[in-house]
Amino acid sequence: MIEQQNSRPLAIAAVLCVILAGCAHNAGAAAQVNAGFAPFSSTRNQALALVAQTKPSLGAADVNSLAVAYTALQEKANAYSDFMVEAVTTSSFDQAKNAGYAADFAAAIAAFDKSFGALSAARKPVIASAWVASFAQTLQARWNQYSGLIAKMSPTTKAELIAELKRKTVWPNYEDIATQPLVGSRPNP
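Remember, predicted model here, so these are calculated numbers, not experimental data.

Participant: How should I be thinking about the overall build of the chain in this particular structure?
Facilitator: Per the secondary structure count, the chain includes six helices and zero strands. Tracing the chain from N to C terminus, the helices and strands come up as α-α-α-α-α-α. The buried share among the 189 residues of the chain stands at 37%. Restricting to contacts in the chain with at least 6 residues of sequence separation, those with at least 24 account for 82%.

Written out as structure tokens, the structure is:
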């Protein structure tokens, strides 16, 4: 009887360890999936910083040119972001769509760099696009690795992952960047 009572806490402890390991594994998978989006987020942050730094010093015509260039980039970036969110939401991944969104996004970065270069003294690409192809491949590999875990995530964990993914990958509208008055719209002293 004493032996049975002593083994009960051990059994309970073992079950708790398995449950905690499973929860930690799901949380770890979410963290690793989330960390995989770092290059995408870094590029977004770089583009936002460039627009925020440049926009206030431009005249009206150049502000419009920057708006067109950024909006085209934002559109392709957010389309790719929407694809990633959809993959996590539905627990399915389309490799052809991934490749298409990656190619469109890389082309949009190149077009933004060209437009931005015409507006500033920058003579080299201001936002690197070479990382996009390897990002798409890594996204596929991570999906293959974590798709089962993502499908098994609790609704709360999956919702948190999706919210974090959106926070890190969705690009804001041009109008919401550097909202201070522009050079041409400042009142004369």
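Participant: Would you mind going over helix H3 (residues 60-90) with me for this structure?
Facilitator: At 3.6 residues per turn, the α-helix brings residues three or four places apart onto the same side. With 31 residues, H3 ought to run about 45 Å at 1.5 Å a step, and its terminal C-alpha atoms sit 43 Å apart, in line with that. Looking at the residues trailing H3, positive phi occurs at Ser-91, about 60°.

Participant: When you look at the pattern of salt bridges in this model, what are you seeing that I'm missing?
Facilitator: A side chain with one charge can pair with a side chain of the opposite charge if their charged atoms come near. Summed over the entire model, instances satisfying the criterion amount to two salt bridges. Residue Glu-164 pairs with Lys-168 through a salt bridge whose shortest N-O separation is 3.4 Å. Residue Glu-164 and its partner Lys-168 are both found in helix H6 (residues 155-169); the two are separated by four residues, about one turn of the helix. Taking the relative accessible area as the measure of exposure, Lys-168 reaches 29% and is therefore partly exposed. Among the ionic contacts, a cluster of salt bridges with common partners joins Glu-164, Arg-167 and Lys-168.

Participant: Quick question: what am I supposed to make of the side chain of Thr-43 here?
Facilitator: Checked against the element boundaries, Thr-43 lands in helix H2 (residues 38-54). If we skip the residues at most four places from it in the chain, Thr-43 touches Phe-105, Ile-109, Ile-127, Trp-131 and Trp-171.

Participant: Just checking my understanding: could you explain the packing of H3 against helix H5 (residues 131-152) for this structure?
Facilitator: The relative placement of two packed helices comes down to the angle between their axes together with the axis-to-axis distance. Two numbers describe how H3 lies on H5: the axes approach to 11 Å, and their chain directions differ by 20°. In terms of orientation, H3 lies roughly parallel with respect to H5. Pair H3 / H5 crosses with right-handed handedness. Here Tyr-80, Phe-83, Met-84, Ala-87 and Val-88 of H3 lie close against H5, whose contacting residues are Phe-135, Ala-136, Leu-139, Trp-143 and Ile-150.

Participant: Any chance you could explain the packing of aromatic side chains here in plain terms?
Facilitator: Where two aromatic rings form a pair, the distance of their centres and the angle of their planes describe that pair. Applying the stated criterion across every chain yields a total of 18 aromatic pairs. Judged by centre distance (5.9 Å) and plane angle (90°), the rings of Tyr-80 and Phe-135 are edge-to-face. Note that Tyr-80 is positioned in helix H3 and Phe-135 in helix H5, a separation of 55 residues in sequence. Note on Phe-135: relative accessible area 5%, which makes it buried. Over the ring of Tyr-174 we find Lys-55, and its NZ or CZ is 4.1 Å from the ring centre.

Participant: How do you make sense of H2 when you look at a structure like this?
Facilitator: With 17 residues, H2 extends 24 Å from end C-alpha to end C-alpha; this agrees with the ideal 24 Å at 1.5 Å per step. Inspection of H2 places Phe-40, Ser-41, Thr-43, Arg-44, Ala-47, Leu-48, Leu-50, Val-51 and Thr-54 among the buried residues, and these make up the whole buried set. Looking at the buried positions of H2, the neighbouring elements they touch are H3, helix H4 (95-119), H5 and H6.

Participant: Teacher, can you tell me more about unusual backbone geometry here?
Facilitator: Glycine aside, residues mostly have negative phi angles, and peptide bonds mostly take the trans form. A positive phi is found at Ser-91, a non-glycine position, where the angle reads about 60°. Its location among the elements puts Ser-91 in the loop between H3 and H4. Take Ser-91: its relative accessible area is 24%, and that puts it in the partly exposed class.

Participant: How do you make sense of the packing of H3 against H6 when you look at a structure like this?
Facilitator: Running from N to C, H3 and H6 point in directions that differ by 170°, and their axes come no closer than 10 Å. One element, H3, and the other, H6, form an angle in the roughly antiparallel class. Across the interface between the two elements, Asn-78, Ser-81, Met-84, Val-85, Val-88 and Thr-89 of H3 pack against Lys-158, Leu-161, Ile-162, Leu-165, Lys-166 and Thr-169 of H6. In the contact of H3 with H6, the residues fall into six nonpolar, four polar and two charged.

Participant: What should I look at first to understand the nonpolar core in this one?
Facilitator: Burial of nonpolar side chains together is a common tendency in soluble globular proteins. By size, the foremost hydrophobic cluster in this structure holds 48 residues, and its most contacted members are Phe-40, Leu-73, Tyr-80, Met-84, Phe-105 and Phe-112. Every element with two or more residues in this core is listed here: H2, H3, H4, H5 and H6. Residue contributions to this core peak at 13 residues, all from H3. Residues within four places of Met-84 in sequence aside, it is in contact with Phe-37, Phe-40, Phe-135, Leu-139, Leu-165 and Thr-169.

What counts, and where the lines are drawn
Residues numbered from 1 in each chain as written. Predicted model: local features only at pLDDT ≥ 70, side-chain atom pairs only at ≥ 80, totals over all residues. Heavy atoms only, no water. Helix = DSSP H or I, 4+ residues; strand = E, 2+ residues; numbered from the N terminus. Buried < 20%, exposed > 50% of the residue type's maximum accessible area, 1.4 Å probe, protein only. Contact = heavy atoms within 4.5 Å. Expected span 1.5 Å × (residues − 1). Salt bridge = Lys/Arg side-chain N within 4 Å of Asp/Glu carboxyl O. Axes fitted to C-alpha atoms, helices over the stretch in contact; angles between N-to-C directions. Parallel < 35°, antiparallel > 145°, perpendicular 65-115°, else oblique. Left-handed = near helix turned anticlockwise from the far one by under 90°. Phe/Tyr/Trp six-rings, centres within 6.5 Å; stacked < 30°, edge-to-face > 60°. Lys NZ or Arg CZ within 6 Å of the ring centre and 35° of its normal. Nonpolar A, V, L, I, M, F, W, Y, C, P; charged D, E, K, R; others polar. Core = buried A, V, L, I, M, F, W, Y, C linked by side-chain atoms within 4.5 Å.

Remember, this is a structural readout, not a statement about activity or role.
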